[in-house]
Amino acid sequence: REVNVIITPGLGGDARGARLGQGGGCYDRAFKLAGITPWRVMLLHDQEFSSIDLFEDVHDERVHAISMSTRLIRIP
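Note that the structure is a prediction, hence the values are computed from the model and not measured.

Participant: Which residues make up the sheet that holds strand β2 (residues 12-14), and what values do they have?
Facilitator: Strand order in the open sheet formed by three strands is β3-β2-β5, with mixed pairing between adjacent strands. Every other strand in the sheet has two partners, leaving β3 (19-20) and β5 (49-50) as the edge strands with one partner each. The sheet contact formed by β2 and β5 spans two bridges and is parallel. Note that in β5 the partner of Asp14 across the bridge is Ser50.

Shown next, in the form of structure tokens:
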């Protein structure tokens, strides 16, 4: 609970900060343990960013930013 930034991989993401991963939920659990203070950043390839909203379950945690090789998207 003393981290400033959590960097996570992903298989896809959208402009709301929704994430696609492997489906195990380990990053969702880590985000909840860390609380709301750390900045959550997901790393994606440009083609993995979705222009449409991705499906989310009730337990899914969103990220604050998506970092790609060509841009950084900050989620409002």
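Participant: Before we move on, could you go through the environment of Ile7 and cite the residues and values that matter?
Facilitator: You can see Ile7 is positioned in strand β1 (residues 5-9). Those residues in contact with Ile7 that lie beyond four places of it in its chain are Val41 and Leu43.

Participant: Lay out the pairing of β1 with the relevant residues and their values.
Facilitator: Side chains Ile6 and Thr8 project from β1 onto a buried face, and the interleaved Val5, Ile7 and Pro9 project onto a face without burial. Pairing of β1 with strand β4 (residues 39-43), which is carried by five bridges, proceeds in the parallel orientation. Pairing of Pro9 across the sheet is with Leu43, part of β4.

Participant: Run through the sheet that holds β4, naming residues and quoting values.
Facilitator: The four strands are arranged β1-β4-β6-β7 in an open sheet whose pairing can be described as mixed. Pairing within the sheet leaves two strands with one partner each, and these edge strands are β1 and β7 (72-74). Going across the sheet, the axis of each strand differs from the next one's by a mean of 20°, ignoring polarity. Lying over the sheet, helix α1 (residues 26-34) contacts β1 and β4, oriented at roughly 175° with respect to β1.

Criteria and cut-off values
- Residues numbered from 1 in each chain as written.
- Predicted model: local features only at pLDDT ≥ 70, side-chain atom pairs only at ≥ 80, totals over all residues.
- Heavy atoms only, no water.
- Pairing = 2+ DSSP bridges.
- Helix = DSSP H or I, 4+ residues; strand = E, 2+ residues; numbered from the N terminus.
- Contact = heavy atoms within 4.5 Å.
- Buried < 20%, exposed > 50% of the residue type's maximum accessible area, 1.4 Å probe, protein only.
- Axes fitted to C-alpha atoms, helices over the stretch in contact; angles between N-to-C directions.

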